[in-house]
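One letter stands for each residue in the lines below.
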Amino acid sequence: MHTFMTLPKLDFQRTAIDMDDLQNFKRTGYCGALRSVDVGSTCSLTGWVARVRDLGGLIFIDLRDREGVVQLAFGEDSPTALLEKARSVRAEYVLAVIGTVRERSAKNLDLPTGEVEVAVAELRVLAKSETPPFEITDDCKTAESIRLKHRYLDLRRPRLQSNLLLRHRVAKLTRDYFDENGFIEIETPTLIKSTPEGARDYLVPSRVHSGKFYALPQSPQLYKQLSMVAGFDRYMQIARCYRDEDLRADRQPEFTQIDLEMSFVEQEDVISMVEGYVSLVFKSVLDLDIGAIPRMTYREAMERYGSDKPDLRYGLEIVDVTDILPDTRGIVASKLSRKQIDKLSEFSKGIGGKGVVTQTAKFITEAQQIALIERFGATGEDVILLSRDSLGQLGSLRVELAKMIGAIPKGTFKPVWILEFPFFDYDAESGEFVAMHHPFTAPMDECLEYLETDKARVRAKAYDLVLNGIELSSGSIRITEPELQGRIFRLLGLSDDEAQRKFGFLLEAFRYGAPPHGGMALGLDRLVMQLLECESLRDVVAFPKLQNASEPMTNAPDIVDANQLKDLGIALVNGETGKLADYK
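Residues numbered from 1 in each chain as written. Predicted model: local features only at pLDDT ≥ 70, side-chain atom pairs only at ≥ 80, totals over all residues. Heavy atoms only, no water.

Colleague: Just to check I follow, could you spell out the pattern of salt bridges for this structure?
Modeller: If the charged atoms of two oppositely charged side chains come close together, the side chains can form a pair. Evaluation of the coordinates by the stated rule reveals 42 salt bridges. Across the salt bridge formed by E144 and R538, the nearest N and O atoms sit 2.9 Å from each other. With E144 in helix α3 (residues 144-149) and R538 in the loop between α14 (524-531) and α15 (562-568), this pair connects stretches of sequence that are 394 residues apart. Given the relative accessible area of 13%, R538 is considered buried. A salt bridge links R478 to E261; its shortest N-O distance comes to 2.9 Å. Here the residue R478 occupies a position in the loop between β20 (470-477) and α12 (482-491), and E261 occupies one in strand β10 (residues 254-263), the gap between them amounting to 217 residues. Look at E261 and you get buried, because its relative accessible area is 0%. Within this structure, R147, R151, D154 and R157 form a network of salt bridges that share partners. (Salt bridge = Lys/Arg side-chain N within 4 Å of Asp/Glu carboxyl O. Helix = DSSP H or I, 4+ residues; strand = E, 2+ residues; numbered from the N terminus. Buried < 20%, exposed > 50% of the residue type's maximum accessible area, 1.4 Å probe, protein only.)

Written out as structure tokens, the structure reads:
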């Protein structure tokens, strides 16, 4: 049962009488665009009321639109009717005004428009507003769940509007850059065949084909490869993708990626193209020259940082000291208290590790202490944290330590390429090897001989772009030989019949002249999130989902009419009892 909020009944007749209209009104520009060079000019503006200040004989209204805020002024020389109308205005009313730009007597240099104001000659009230459920300000303290319930109001906040305007700018830069480099944008289907790509699919039942389902694409992977077989040579798309997986701060169930594919290329060609794009974005948006992006292998990243998504903004590198203490690695930090060390040990155990000790632990001999201090180059108040945790656990500990001691700088961007990923990833639960990226990634040539005999030695022609500890982009050179692709499918546990059923169209396409090709996909949401140094993707997505993948504004997902399910031939089953649900 759903409870709906009861809205007050509107008096449409009164509203029609009280409201003005836009007849013969033409906006000349945006509120936030006015500057001192506009002094003396006449302007026509529209927007929402951010604030009203009634000083008796003077009334000031801050008018807000997507570009910013400007002060409207009504003074003693204003006609009485105009002054009274301005006095009736409230927050979030929609106004249209005509007036003259003049210099402000009390300037606000913290505001881009703070040197000017508009002396209003004509005021039109286009729409009234009830009192909003929260204040429309950037420092609003209202719970996010309430703001998302009224997202259309939340999006009026200047910071969020600025975020989405920057996202638009990045999208335009993207299309321009790839167009200038010979790419064409091809739209791929959003109702596709369900294929395994690592996460669960969102399924869409077919009414016409009873008992069969489409899937929403996790990526346009297969279609962009088929576009290469079709001869388009260079493809790009700002694509919507969907994955039914648990949400995190940097994930949403539906997201946007900058997808590209290139024919007749090797790994270096794709990396160079993407590096040029990322450099352009940082220069255009932040006026920052990121320079050449460093590279390291997957193995080096894991050994030094305990992660294939290393954050290079700080040190705290992992050091192998197994020759001094068996099965032990460590990290050195300065001025750690006993309480902080205990918290880090608890954190280690909380993620399945064994905890941490320092170089002063009772079981460490004096000779070992001296050797450790020399290995880490420790001095003065440095503390060496030692652990027998896995590299991945140590990587998480490194991040926790950096947060604890405030070692992560703001306004710093450290991208890095991670290369030579393992082709296979061992799944401890199933006891089997799975594809670390996806099954269409090509193994490195020198590793082909180990495919059947030593999967752990097989490395992939795969490359990820990581920025400040977050995977920004992932790509690879693809398999184009039908025989090798079939071989990979078999190694991943797909029978020939199953591979044919799921990917027969791809294997057949490769028999008609598939060019060598490779590509990448960059997360547009994540890229903008990083540029703005936001804590969550929800700050750069217009209408995001919550952690449980729901959207509180429209109450999606929701029940549907029983007749719709009947048309689709679908019956609902109670997940606990296994019996048909009572659905009316």
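Colleague: Before we go on, may I ask you to explain the sheet that holds strand β14 (residues 357-358) in this structure?
Modeller: Strand-to-strand pairing in sheets goes through backbone hydrogen bonds, with the strands running parallel or antiparallel. Ordered in space as β12-β13-β15-β14, the 4 strands form an open sheet in which the pairing is antiparallel. Here the strands that pair on one side only, and so sit at the sheet edges, are β12 (319-320) and β14. Where β14 and strand β15 (residues 382-387) come together, 2 bridges link them in antiparallel fashion. Bridged to T358 within β15 is L385. Along the sheet, helix α10 (residues 366-376) makes contact with β12, β13 (329-334) and β15, crossing β15 at roughly 105 degrees. (Pairing = 2+ DSSP bridges. Contact = heavy atoms within 4.5 Å. Axes fitted to C-alpha atoms, helices over the stretch in contact; angles between N-to-C directions.)

Colleague: Would you mind showing me how to read the packing of aromatic side chains here?
Modeller: How two aromatic rings sit relative to each other is given by the distance of their centres and the angle of their planes. For the structure shown, the criterion picks out 10 aromatic pairs. Plain terms: the ring middles of F423 and F424 are 4.8 Å apart, the flat faces sit at 65 degrees to each other, and that makes the pair edge-to-face. Taking relative accessible area as the criterion, F424 reaches 4% and is therefore assigned buried. Every member of this aromatic cluster is reached through a ring pair, and the members are Y177, F178, F183 and Y277. (Phe/Tyr/Trp six-rings, centres within 6.5 Å; stacked < 30°, edge-to-face > 60°.)

Colleague: How do you make sense of the pairing of strand β19 (residues 462-467) when you look at a structure like this?
Modeller: Look at any regular strand and the pattern is simple: side chains alternate between the two faces of the sheet. Counting buried positions along β19 gives 6 out of 6 residues, so the element sits mostly inside the fold. Burial along β19 is two-sided: A462, D464 and V466 facing one way and Y463, L465 and L467 facing the other are all buried. Strand direction decides the pairing type here: strand β16 (residues 415-419) and β19, joined by 5 bridges, are antiparallel. Directly across from I418, in β19, lies its bridge partner D464. Pairing of β19 with β20, which is carried by 6 bridges, proceeds in the antiparallel orientation. If you follow L467 over to β20, its bridge partner there is I470. Linking β19 back to β20 in an antiparallel pair, the connection comprises 2 residues, with N468 at a positive phi of about 55 degrees.

Colleague: Explain the packing of helix α6 (residues 221-229) against helix α13 (residues 496-510) here, please?
Modeller: Axes are the key here: two packed helices are described by the angle between their axes and the distance separating the axes. Between α6 and α13, the least distance of the axes is 10 Å, while the angle of their chain directions is 20 degrees. Here α13 runs roughly parallel to α6, going by the angle between their axes. Between α6 and α13 lies a crossing whose hand is left-handed. Contact residues: L222, Q225, L226 and V229 in α6; F503, F505, L506, A509 and F510 in α13. Of the residues belonging to the contact of α6 with α13, the class tally is 8 nonpolar, 1 polar and no charged. (Parallel < 35°, antiparallel > 145°, perpendicular 65-115°, else oblique. Left-handed = near helix turned anticlockwise from the far one by under 90°. Nonpolar A, V, L, I, M, F, W, Y, C, P; charged D, E, K, R; others polar.)

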